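# Structural characterization, general
These are the residues of each chain, in order.
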Amino acid sequence: MDPNTTPAIPAPPDQTSNLIDPYTTAPQRIAVSVIALLLCVLSVAGRLYTRVLLKKFNLDDCVLVLSATLFAAFTAIALVATKYGDGKHLWNVSQADFEQDLFLENLLEILYGPTMFTIKYVILNQIAAIFFDHHRRVIASRFIQGLILINFLFFFSITIAFALACTPREKIWKPQIDGYCIDTKVLVAVGSSFNVVSDITIFLTPIAALSKLQLAVKKKLRAATVFAVGILAIVASVLRLYYGLWLFWTIDITWAISPVGQWTIAEFSFGYLIAASPYLPRLFTHMRGIDKFELQPSFNNRSYHSGGKSVAPTRDGDWEALTSRSEEGVSREVPQLNFSRVHVRDAANSRSALRA
């Protein structure tokens, strides 16, 4: 039989195979991809532009660029996959196209791990820089470093598992040949479940930190609103898990995998928005010509406490970028204190007293 004209599986009794122009969810994939890529580009560009002007560009921003590049490759492959069966009923996909689709789906599964880890790495480091860098020994700071390590180990492991899912590897996209494969549906379910827990944990961490900081309620709400974008990522990861579980109860995998891909792309895009969110208020004021980015690090990266609670940290201008509203080129909400001059004056006074 010619694999180019033979359906991958027989059509159900109430259906007829259509290899010419079957119904497909490709338009949905295209729409989601365009919106997600646009959101990614705007978010990453906005964050990078702001951090360059703040003179705070560092390794995290390089990792973010790498993540966005991986995401672009992921989305491109996901779009190509719709040509070979993704989003179509399996009985409307030829055997030859089905093999090609399985190959592309495996590439997507391999790219998923490093793309997801790199964006979470940036977000977790961002949370640590904003809320916990003023006291590196606190449990919360170590907790974030632990989250980074756990996410790295998990996504590295699942990436290797997808890459070596079959022996020989060719059996991944040619299931008819002899060999052995692990059940990749289990990997999808485990990966999605882990991601839901990880997203919820990352979302709650800054919220818990905000509750302990001595800030005006208005400023707390402003900061919480920025990180509330994480709710969208949680919703996307939950829906990805939901549709991923349907793979256990159907042989029509080309149709069932389509919404998994859509929600994966959406979750990635929300991650880039989260990474950029703390800098968007500063970027908007700059674009209106109000803020000239003349920031000085308040409190000189020290930890200040009052009543057993931490005062908001200000490392690298991250907190100012998150909470300040500048008017006429001056930040009104975060005091700009020059401790170096205070220390010099105090030292001079002390020497005068000793001479006297």
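Residues numbered from 1 in each chain as written. Predicted model: local features only at pLDDT ≥ 70, side-chain atom pairs only at ≥ 80, totals over all residues. Heavy atoms only, no water.

## Here's the deal with the packing of helix α1 (residues 26–53) against helix α9 (residues 280–287)
Running from N to C, α1 and α9 point in directions that differ by 75 degrees, and their axes come no closer than 10 Å. Classified by the angle between their axes, α1 and α9 sit roughly perpendicular to one another. From α1, Gly-46, Tyr-49, Thr-50 and Leu-53 reach across to α9, where they touch Arg-282, Leu-283 and His-286. (Axes fitted to C-alpha atoms, helices over the stretch in contact; angles between N-to-C directions. Helix = DSSP H or I, 4+ residues; strand = E, 2+ residues; numbered from the N terminus. Parallel < 35°, antiparallel > 145°, perpendicular 65-115°, else oblique. Contact = heavy atoms within 4.5 Å.)

## Notes on the packing of aromatic side chains
Counting across every chain of the model gives 17 aromatic pairs. Centre to centre, the rings of Phe-152 and Phe-156 are 5.9 Å apart; their planes meet at 20 degrees, and the pair counts as stacked. Here the residue Phe-152 and the residue Phe-156 both occupy positions in helix α4 (residues 139–163), the gap between them amounting to four residues, near one helical turn. The interplanar angle of 80 degrees and the centroid separation of 5.0 Å between the aromatic rings of Tyr-242 and Tyr-243 together place this pair among those described as edge-to-face. Look at Tyr-242 and you get partly exposed, because its relative accessible area is 43%. Lying over the aromatic face of Tyr-112, Arg-240 brings its terminal NZ or CZ to 4.2 Å of the ring centre. (Phe/Tyr/Trp six-rings, centres within 6.5 Å; stacked < 30°, edge-to-face > 60°. Buried < 20%, exposed > 50% of the residue type's maximum accessible area, 1.4 Å probe, protein only. Lys NZ or Arg CZ within 6 Å of the ring centre and 35° of its normal.)

## Some thoughts on the pattern of salt bridges
Within this structure, the stated rule accounts for six salt bridges. Residue Asp-61 is joined to Arg-47 by a salt bridge in which the shortest nitrogen-to-oxygen separation is 2.9 Å. In this pair, Asp-61 sits in helix α2 (residues 59–81) while Arg-47 sits in helix α1, placing the two residues 14 residues apart along the sequence. Given the relative accessible area of 0%, Asp-61 is considered buried. Since its relative accessible area comes to 2%, Arg-47 is described here as buried. When the shortest N-O distance is used, the salt bridge between Asp-183 and Lys-185 registers 3.2 Å. (Salt bridge = Lys/Arg side-chain N within 4 Å of Asp/Glu carboxyl O.)

Geometric descriptors of this kind do not, in isolation, establish any biological role.
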